[in-house]
Amino acid sequence: MACMILSTPTLHTDRLVLRPFVDCDAEPLYSMHCNPHVLRYWDAAPWTERDRAQKFIDKCRKLAVDGTGVRLAVERLDDGAFIGWCSLTRWDPDHRSASLGYCFTDEAWGHGYATEVVRAVLRWAYATLDLNRVQAETDTRNVASARVLEKAGFVREGTLRQDCIVNGDVSDSWVYGLIGSDWRASSGSPKVC
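Everything numeric in this text was worked out from a predicted model, so none of it was measured. (Residues numbered from 1 in each chain as written. Predicted model: local features only at pLDDT ≥ 70, side-chain atom pairs only at ≥ 80, totals over all residues. Heavy atoms only, no water.)

A word on the sheet that holds strand E4 (residues 82–92). What the eight strands build is an open sheet, ordered E1-E2-E3-E4-E5-E6-E8-E7; its pairing is mixed. A single partner strand is all that each edge strand has here, and the edge strands are strand E1 (11–12) and strand E7 (155–166). Judged from the five bridges that link them, strand E2 (residues 16–20) and strand E3 (residues 70–76) form a sheet pairing that is antiparallel. The partner of Pro20 across the bridge, within E3, is Leu72. Of the strands in this sheet, E3 and E4 are in contact with helix H2 (residues 51–66), which crosses E3 at around 125°. (Pairing = 2+ DSSP bridges. Helix = DSSP H or I, 4+ residues; strand = E, 2+ residues; numbered from the N terminus. Contact = heavy atoms within 4.5 Å. Axes fitted to C-alpha atoms, helices over the stretch in contact; angles between N-to-C directions.)

What follows is about unusual backbone geometry. Positioned with a positive phi, Arg90 is a non-glycine residue whose angle comes to about 55°. Look at Gln162: it is not a glycine, yet its phi comes out positive at around 50°. Looking at where Gln162 falls in the secondary structure, it is placed in strand E7. Since its relative accessible area comes to 61%, Gln162 is described here as exposed. (Buried < 20%, exposed > 50% of the residue type's maximum accessible area, 1.4 Å probe, protein only.)

Moving on to the nonpolar core. Grouped together as the largest cluster of nonpolar side chains are 39 residues, with contacts concentrated most on Leu18, Leu88, Leu100, Val121, Leu122, Leu131 and Phe154. Secondary-structure elements contributing two or more residues to this core are E2, E3, E4, strand E5 (97–104), helix H3 (113–128), strand E6 (133–139), helix H4 (143–151) and strand E8 (169–179). Sequence-distant contacts of Leu88, defined by excluding residues within four places in its chain, comprise Thr68, Gly69, Val70, Ala98, Ser99, Leu100, Val121, Trp124, Ala125, Leu129, Leu131 and Val134. Membership of the second largest hydrophobic core comes to 16 residues, among which are Val38, Leu39, Ala53 and Phe56. (Core = buried A, V, L, I, M, F, W, Y, C linked by side-chain atoms within 4.5 Å.)

Attention now goes to the pattern of salt bridges. All told, the structure shown has 14 salt bridges when counted by the stated rule. In this structure, Arg50 and Glu27 form a salt bridge, with 2.8 Å as the shortest nitrogen-oxygen distance. Within this pair, whereas Arg50 is found in the loop between helix H1 (26–33) and H2, its partner Glu27 is found in helix H1, the two being separated by 23 residues in sequence. Between Arg61 and Asp58 there is a salt bridge; the shortest N-O distance is 3.6 Å. Of this pair, Arg61 and Asp58 both sit in helix H2, separated by three residues, roughly a single helical turn. Overall, the relative accessible area of 35% leaves Arg61 in the partly exposed class. What you see here is one network of salt bridges that share partners, running through Arg19, Asp25 and Glu75. (Salt bridge = Lys/Arg side-chain N within 4 Å of Asp/Glu carboxyl O.)

What follows is about the pairing of E7. Across eight bridges, the pairing between E7 and E8 is antiparallel. Residue Cys164 lies in a different strand from E8, and its bridge partner there is Ser171. The turn linking E7 back onto E8 is made up of two residues, and Asn167 within it adopts a positive phi angle of 50°.

Listed as buried for H1 are Ala26, Leu29, Tyr30, Met32 and His33. The buried side chains of H1 occupy one side of the element, clustering within an arc of 160° when seen end-on. (Arc of directions from axis to C-beta.)

Encoded structure:
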């Protein structure tokens, strides 16, 4: 697979802006990732060192340069508050596939932001990257995340048994997939040639 720079987009929804990370996102990013409640289903412990946030932002930039994905900061339009991020990583142009991930502050939960963001990223990805498949995984206890994926058209394809250890507890993960033809059929998007 040839290395190419993947341009990190800025996307807009009715209530949100999805944009490349900037250095001043480090503080709200750290606040979100050090919160054990936010990361209770995450496959890594909450952050305890502030420099993790800048390393994360640097890695976001490297994803685009390496041509393997994008990670977008999410902010509310009405007040400019950072509320989370969404990523499309492991982009493989040969297999026309990628992986979706996201994380939101607990204050952002229950407002439909995650569904709005996932749909915006998928619209961009299927229109721009000639994808055939997007995959996502979620802890089986994270019913809210599973609902987000299902609302976006993902189909639960299976369970990875004892896939992660989350806060000392062994947990299973659900694997979800979204095929390009299903996305186009459900979103009314024209086929990208």
